[in-house]
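# Inside the fold
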Amino acid sequence: MTTVIIEEGNLTIDEFLSVARGHVKIEVSELAKKKMEESRKVVDTCVKEEKVVFGKFSDVTISEEDSMALQENLIMSHSCGVGNPLPEEVVRGMMLLRINALCIGYSGVQVQTVLTLTEMLNKGVIPVVPEKGSLGASGDLVPLAHMSLVLLGMGEAVYQGEKMAGAVAMKRAGITPVRLTAKEGLALINGTQAMCSIGALGIHDAEMVMRTADIVAALSMEAENGVIDAMDERLQELRRQPGQKKTAENMRRLLQGSRKITRQGEKRVQDAYAFRCIPQIHGISRDSIEFIRDIVYREMNAVTDNPIIFAETQEAISGGNFHGQYLAMSLDFLGIALAELANVSERRIERLVNPALSGLPAFLVKHGGLNSGMMIAQYTAAALVSENKVLAHPASVDSIPTSANQEDHVSMGMTSARKAREILFNVTSVLAIELMCAAQAIEFQGSVGLAPAMAAVYRAVRDQVPPLESDRVLYPDIEACTTLIREGVIVKAAEQITGSMR
């Protein structure tokens, strides 16, 4: 992918990722420019009659002369964020999604404003946007205002790896700041693009984590001589749940050819739930992620401005498309779905390190007592799982009225998004610990007899992490396994044998 063309709301998640993470450049199509010009004409006509602002001052008339000052005031007054800066990939995603929304042609902005924001993105002038301050009410007002400050030659930005004043960054990049006219301030800051950027990045990573969870669980099953009968296709069909069926199918494919997996009654009649119920537990997370993906994709290509300009009827209609409830509830749900993957993963870790449950040496190390082995790695997993239980409490059930009670129900969607992102980090780390422990457990029974897919995964781990013969510093091993997951190495290793998993 060399260039992403921005047109009438057809941006894909893959295109989004290529720009947000891959720094692929974008280009505004001629059709998008035409649509923006048509809606802009409606705004220009309205300006000659009267201008209003929204919120507490929605009944205050603004003169044509003051309209330009109002737009700048909106951006400055709404730049009230606090906390650490959002990661660059999130801000790049915000910029892309705002450009995409404006290019649909219902916001009434000048084409040049969008082209300048596009130039910033393409040249790498990335605004510094504090992570906290959005209610998800009229969308992400505060983060989008900080993004827009640099467009006006204010605020702060990162350019070529250096943080500097926005005006300096624009000058160094050879970009002329814009002067906003009527309606443009609102068009830039009314919308859900901050939470949506985090959501789009998160849903892609969640899909990778979901497939990895099946693979890591399969390796743990081999280490535990798990009972394959629980994955029987006939059982799954009777439950009728698609995610459960897909998960069980993945497990059967991953474990095909294994001489370590047992049948019902050979070693035990049934496994503990952390193994036996993998299709049921992973399955609902899989279905949830698919459901949330559809919502995020639609939101990426939605018009979330206010008021919305209908050029064909010469109308400007004020509504509530900026309200973040869809993303707020969805990203809360994403956090819950991901947290459960870590919950069950930590229980499998416990079964691997506990000699009373596994039949393996205590904490998966020789000479226990002298060596602690994987004892404290399980502590870390437990700490992350416990933190997730706090983070998974939904933000979207809360609301604090603002704007003198004009905005009397808010979504808290940005909080939902940030929590989901943190949960995703924790889940990836827990799965990395399980992967490390499962590979170590294999050392005590040998890798001969592993399913071909699991043998490939085991080799991928051992390429980066040697067996644990005696105690050593473990955090580099956890980091190495985490990288294997994030970069898709574990999924790729398995899918080279199984083919693409769902």
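What counts and what doesn't
Residues numbered from 1 in each chain as written. Predicted model: local features only at pLDDT ≥ 70, side-chain atom pairs only at ≥ 80, totals over all residues. Heavy atoms only, no water. Helix = DSSP H or I, 4+ residues; strand = E, 2+ residues; numbered from the N terminus. Rg over C-alpha atoms; globule rule 2.2 N^0.38 Å. Buried < 20%, exposed > 50% of the residue type's maximum accessible area, 1.4 Å probe, protein only. Contact = heavy atoms within 4.5 Å. Areas by Shrake-Rupley, 256 points an atom, 1.4 Å probe, with all protein chains shown as cover. Pairing = 2+ DSSP bridges. Polar contact = N/O pair within 3.5 Å; in protein donor to acceptor, adjacent residues only side chain to side chain. Salt bridge = Lys/Arg side-chain N within 4 Å of Asp/Glu carboxyl O. Axes fitted to C-alpha atoms, helices over the stretch in contact; angles between N-to-C directions. Parallel < 35°, antiparallel > 145°, perpendicular 65-115°, else oblique. Left-handed = near helix turned anticlockwise from the far one by under 90°. Nonpolar A, V, L, I, M, F, W, Y, C, P; charged D, E, K, R; others polar. Phe/Tyr/Trp six-rings, centres within 6.5 Å; stacked < 30°, edge-to-face > 60°. pLDDT = per-residue confidence, 0-100. Core = buried A, V, L, I, M, F, W, Y, C linked by side-chain atoms within 4.5 Å.

## A look at the overall build of the chain
Across its full length, the chain holds 20 helices and eleven strands. Compactness check: the chain gives a C-alpha radius of gyration of 26 Å against a globular reference of 23 Å for 502 residues, within 12% of the reference. Dimensions of the chain along its principal axes, counting C-alpha atoms only, are 85 × 50 × 45 Å. Here the chain holds 502 residues, and the buried ones make up 57% of them. Intrachain contacts of the chain at a sequence separation of at least 6 include 79% that bridge at least 24 residues. As presented, the chain carries roughly 20900 Å² of accessible surface, and 52% of it is formed by carbon and sulfur atoms.

## Some thoughts on the pairing of strand E9 (residues 162–165)
Pairing of strand E8 (residues 156–159) with E9 involves four bridges; the strand directions are antiparallel. Along E9, the bridge assignment pairs valine 158 with lysine 163. In textbook terms, the turn of a hairpin is the stretch between consecutive antiparallel strands, and for E8 and E9 this stretch comprises two residues, one of which, glutamine 160, has a positive phi near 50 degrees.

## Observations concerning the side chain of aspartate 271
Mapped onto the fold, aspartate 271 is located in the loop between helix H11 (242–254) and helix H12 (273–276). Separated by 2.8 Å, the side chains of aspartate 271 and arginine 268 make a polar contact. Once you skip the residues sitting within four places of it in the chain, aspartate 271 turns out to touch Met221, Gly226, Val227 and Arg276.

## Some remarks on the pattern of salt bridges
Counted under the stated rule, the structure contains 26 salt bridges. A salt bridge links lysine 35 to glutamate 8; the shortest N-O distance between them is 3.7 Å. Note that lysine 35 is positioned in helix H2 (residues 30–47) and glutamate 8 in the loop between strand E1 (3–6) and helix H1 (13–20), a separation of 27 residues in sequence. Across the pair arginine 462 and glutamate 443 runs a salt bridge, and its minimum N-O distance is 2.8 Å.

## Looking at the packing of helix H16 (residues 375–391) against helix H17 (residues 413–442)
Contact geometry of H16 with H17 gives a least axis separation of 9 Å together with a crossing angle of 155 degrees. Here H17 runs roughly antiparallel to H16, going by the angle between their axes. At the point where H16 passes H17, the crossing takes the left-handed sense. Note on element contacts: H17 touches H16 through Lys419, Glu422, Ile423, Asn426, Val427, Ser429, Val430, Ile433 and Met436, opposite Ala377, Thr380, Ala381, Leu384, Val385, Glu387, Asn388 and Leu391. Looking at the contact of H16 with H17, its residues break down into ten nonpolar, four polar and three charged.

## So, the pairing of E1
Only one face of E1 is covered, namely the one carrying Val4 and Ile6; the face carrying Thr3 and Ile5 has none of its residues buried. Taken together, the four bridges between E1 and strand E2 (residues 25–28) define a ladder with parallel strand orientation. Counted as the bridge partner of isoleucine 5 is glutamate 27 from E2.

## What about the packing of aromatic side chains?
Summed over the entire model, instances satisfying the criterion amount to two aromatic pairs. Residues tyrosine 106 and phenylalanine 310 carry aromatic rings whose centres are separated by 5.6 Å and whose planes lie at 70 degrees to one another, so their mutual orientation is edge-to-face. A residue pair is termed long-range when its members are at least 10 positions apart, and tyrosine 106 in the loop between helix H4 (88–103) and helix H5 (111–123) and phenylalanine 310 in strand E10 (residues 308–310) qualify at 204 residues. You can call phenylalanine 310 partly exposed: its relative accessible area is 26%.

## Digging into the confidence of the model for the chain
Of the residues in the chain, 97% reach a pLDDT of 70 or more, and the chain-wide mean stands at 94. Note on residues 53–57: pLDDT under 50 across the span, and eleven contacts to partners over four residues away in sequence or across chains.

## Considerations on the environment of isoleucine 292
Tracing the chain through its elements places isoleucine 292 in helix H13 (residues 278–300). With a relative accessible area of 0%, isoleucine 292 lands in the buried category. For the pair formed by isoleucine 292 and glutamate 312, sequence separation is 20 residues and the distance between their alpha carbons is 33 Å. Apart from residues lying up to four places away in sequence, isoleucine 292 is in contact with Ile203, Ser330, Phe333 and Leu334.

## Here we look at the nonpolar core
Residues Phe16, Val125, Leu338 and Met454 are the most contacted members of the largest nonpolar core, which totals 145 residues. Those residues in contact with leucine 338, other than ones at most four positions away along the chain, are Ala206, Val209, Ile289, Ala420, Ile423, Leu424 and Val427. Core analysis: the next-biggest nonpolar cluster, separate from the first, contains six residues, Val42, Val43, Val47 and Ala182 among them.

## Some details on unusual backbone geometry
The residue after asparagine 306, namely proline 307, is reached through a cis peptide bond having omega -10 degrees. Phi is positive for asparagine 405, which is not a glycine, with a value near 70 degrees. Structurally, asparagine 405 can be placed in the loop between H16 and H17.

## Re the sheet that holds E8
Strand order across the open sheet formed by three strands is E6-E8-E9, with antiparallel pairing between neighbours. Each edge of the sheet is formed by a strand with only one pairing partner; in this case those strands are strand E6 (126–127) and E9. The pairing of E6 with E8 spans two bridges and is antiparallel. Bridging across to E8, isoleucine 126 finds its partner in valine 158.

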